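Here is how the chains run, residue by residue.
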Amino acid sequence: MDYYLGIDFGTTNCKCIVYDETFQPHGSCSVPNMVRYRGKDIAEQPAEEWWDVVRTAIRGALADAAVLGSSVRSMAVSSQGISFVPVNAEYHPLRPGILWLDSRAKEEMALIFRSVSLTDIQAISGICPTPAYILPKLLWLRQNEPEIWANTTKILTPHDWIVYKLCGRAVIPTTMASGTLLYQYREKCWSNRLMNCFALSPQLFGELVWSGEVAGNVTPEAASALGISPHTQVIVGGQDQKCAYLGAGASSDTVTISLGTAAALSKRCDTAWKDPSGLISCSPYLTKEGWIMEGVVGTAGACLEWTQRQFFSSVRYATLDSRAAEIYHNGGNSLLFNPDFAYANEKTSLPAGGFSGLSLSVTGDDIWLAVLEGIAFRIRERLEVINGLD
């Protein structure tokens with residue numbers, strides 16, 4: 001029997017599942033992927049560790065499924081979006097990867113807006129730009145690490161790096177390209193205007209491809225490292241939230257909510273929408289037909305995990321939820337929580353990542369309820385915008 005590997009490279013975990021030809025799962029493995037935080041703005045991961053955790057996850061899933069690597073016919077990768085690593089001509093990483101959680105490029109946002117208006121960037125890219133995206137961080141890299149920039153041949157997202165390590169070909173799927181802020185979402189191609197404006201080139205990235213295309217066969221080196229056949233095909237995947245929408249089997253009248261480090265609301269559409277509020281982005285879907293709207297609560301799962309780890313490390317999530325539900329059904333409390341841990345939200349009076357209404361009467365259970373409500377409110381806020389656009 002032939003088997004297939006699905007690899008989901010998230011921000012804090014890498015998961016691999018072994019499927020048979022009827023799409024039945026046979027085994028899986030999840031490997032933690034550590035984020036290095038420095039100060040309040042820096043979030044990085046060494047690209048070498050990206051490959052290490054993928055390799056460990058693949059071998060672990062095959063062992064869990066009791067499947068021979070030689071029976072794996074193909075594999076595909078989904079990954080966290082808008083993170084990247086610069087590599088040289090030999091495809092060696094020049095520095096740790098810069099993550100989407102990283103907000104160091106605040107000053108570069110001002111530089112961008114001096115060159116192109118917010119309205120124009122959103123009209124071209126379908127995205128309301130923040131320091132999370134790749135373009136401002138490329139400008140930061142060029143300004144602050146000129147030696148690294150001078151030696152940079154390619155910018156690879158996690159998907160692109162993993163695919164390169166698997167088959168030796170540098171590609172970038174459209175769903176990852178849209179997170180650069182350099183991609184025209186309506187025309188589904190690179191933006192010459194934005195590339196020229198910031199003295200960048202499409203050659204800085206991998207070959208632009210669509211999800212589902214064959215990137216190549218596994219290299220002998222990767223086959224040896226993974227214990228699989230060098231005849232195994234590597235299939236282009238995409239940005240994780242778009243892949244999650246497809247995997248959920250959602251139809252065009254359905255909004256999916258994917259809860260991970262971030263919470264993402266996704267809905268496929270036949271029109272390239274533009275959201276005047278800037279809360280909802282629009283980008284090409286995994287296939288050439290249609291687009292997908294996405295609203296993100298950037299640190300929804302991350303702040304929930306942070307709260308549990310800092311205040312309730314010995315208490316199970318289910319217990320915390322049960323206690324919070326009891327308070328809610330008894331009338332709730334007045335404590336408010338803003339889950340924007342990575343970036344301040346200019347549309348709220350709350351500070352970034354903040355509580356409002358703390359007092360000596362507040363209990364730990366009140367705090368947990370406030371965190372849940374804050375996340376739920378942000379999700380509802382984006383859901384209402386999506387439903388209003390379509």
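The present account deals with the structure reproduced in this document.

Here is what the cut-offs are and how they apply
Residues numbered from 1 in each chain as written. Predicted model: local features only at pLDDT ≥ 70, side-chain atom pairs only at ≥ 80, totals over all residues. Heavy atoms only, no water. Pairing = 2+ DSSP bridges. Helix = DSSP H or I, 4+ residues; strand = E, 2+ residues; numbered from the N terminus. Core = buried A, V, L, I, M, F, W, Y, C linked by side-chain atoms within 4.5 Å. Buried < 20%, exposed > 50% of the residue type's maximum accessible area, 1.4 Å probe, protein only. Contact = heavy atoms within 4.5 Å. 1 Å grid on protein atoms, 1.4 Å probe; cavity = no way out; pocket = protein on both sides within 12 Å on 5 of 7 lines; lining within 4 Å. Points joined across faces, edges and corners; volume = space filled by probe spheres on them. Nonpolar A, V, L, I, M, F, W, Y, C, P; charged D, E, K, R; others polar. Phe/Tyr/Trp six-rings, centres within 6.5 Å; stacked < 30°, edge-to-face > 60°. Lys NZ or Arg CZ within 6 Å of the ring centre and 35° of its normal. Axes fitted to C-alpha atoms, helices over the stretch in contact; angles between N-to-C directions. Salt bridge = Lys/Arg side-chain N within 4 Å of Asp/Glu carboxyl O.

## Some points on the sheet that holds strand β4 (residues 36-38)
One key point about sheets: their strands pair by backbone hydrogen bonds, in either a parallel or an antiparallel sense.
And step 1. The strand order β4-β5-β8 describes an open sheet built from three strands, whose pairing is antiparallel. For this open sheet the edge positions go to β4 and β8 (97-98), each flanked by a neighbour on one side alone.

## Some words on the nonpolar core
And step 1. The biggest cluster of nonpolar side chains holds 83 residues, and the ones touching the most others in it are Ile58, Leu138, Leu200 and Phe205.
And step 2. For this core, the element with the highest residue contribution is helix α1 (residues 47-65), accounting for ten residues.
And step 3. The residues contacting Ile58, other than those within four sequence positions of it, are Leu5, Ile7, Cys16, Met75 and Leu226.
And step 4. With 31 residues, the next largest nonpolar core counts Tyr185, Cys282, Ala300 and Ile379 among its residues.

## A few points about empty space enclosed by the protein
To find leftover empty space, one rolls a probe the size of a water molecule over the atoms.
And step 1. A full pass over the atoms with the stated rule returns one cavity of 30 Å³ or more.
And step 2. Taken as a whole, the largest cavity holds about 30 Å³ of empty space.
And step 3. Along the walls of the largest cavity sit Gly126, Trp273, Lys274, Asp275, Ile280, Ser281, Cys282, Met293 and Leu389, which together make up its complete lining.
And step 4. At three residues, the largest contribution of residues to the lining of the largest cavity is made by strand β18 (residues 280-284).
And step 5. Class assignment of the residues belonging to the lining of the largest cavity gives a composition of five nonpolar, two polar and two charged.

## Things to note about the packing of aromatic side chains
And step 1. For the structure shown, the criterion picks out twelve aromatic pairs.
And step 2. A ring pair is formed by Phe337 and Phe355, whose centres lie 4.7 Å apart and whose planes are at 45 degrees; its orientation type is tilted. Residue Phe337 is located in strand β20 (residues 336-337), and its partner Phe355 is located in strand β21 (residues 355-356); the two are separated by 18 residues in the primary sequence.
And step 3. Through pairs of rings, three or more aromatic residues link up here, namely Trp306, Phe311, Phe312, Tyr317, Phe337, Phe341, Phe355 and Trp368.
And step 4. One residue, Arg104, lies across the ring of Trp140, its end atom 4.6 Å from the ring centre.

## Considering the layout of surface pockets
And step 1. One number sums up the size of the second largest pocket: a volume of about 580 Å³.
And step 2. Breaking the lining of the second largest pocket down by element, the ones donating at least two residues are β5 (42-45) and α11 (300-311).
And step 3. Classifying every residue of the lining of the second largest pocket gives eleven nonpolar, eight polar and four charged.

## Overview of the sheet that holds strand β3 (residues 25-32)
And step 1. Here we have six strands laid out as an open sheet, ordered β3-β2-β1-β6-β15-β14, and mixed in their pairing. Edge positions in the sheet fall to β3 and β14 (214-217), since each of these pairs with one other strand and no more. In this sheet, neighbouring strand axes are inclined to one another by 20 degrees on average, regardless of whether the strands run parallel or antiparallel.
And step 2. Note that strand β1 (residues 3-9) and strand β2 (residues 13-20) share seven bridges and pair antiparallel.

## With respect to the pattern of salt bridges
And step 1. Enumeration over the complete set of coordinates arrives at 18 salt bridges.
And step 2. Its salt-bridge partner being Glu381, residue Arg382 comes within 2.8 Å of it at the nearest N-O pair.
And step 3. Residue classification places Glu381 among the partly exposed positions, given a relative accessible area of 22%.

## As for the pairing of β1
And step 1. Residues of β1 alternate between two faces, with Tyr3, Leu5, Ile7 and Phe9 buried on one and Tyr4, Gly6 and Asp8 left unburied on the opposite face.
And step 2. Looking at chain direction, β1 and strand β6 (residues 72-79) are connected through seven bridges and run parallel. When the sheet's bridge partners are listed, Asp8 is paired in β6 with Ser78.
And step 3. In sequence, β1 turns back onto β2 through a hairpin of three residues.

## Things to note about the pairing of β2
And step 1. Of the two faces of β2, only one is covered, namely that formed by Cys14, Cys16, Val18 and Asp20; the face formed by Asn13, Lys15, Ile17 and Tyr19 stays uncovered.
And step 2. In terms of strand pairing, β2 meets β3 through seven bridges, oriented antiparallel. Of the residues in β3, the one forming a bridge with Asn13 is Pro32.
And step 3. Where β2 hands over to β3, the hairpin turn is made up of four residues, of which Phe23 adopts a positive phi near 70 degrees.

These values are about where atoms sit, not about what they do.
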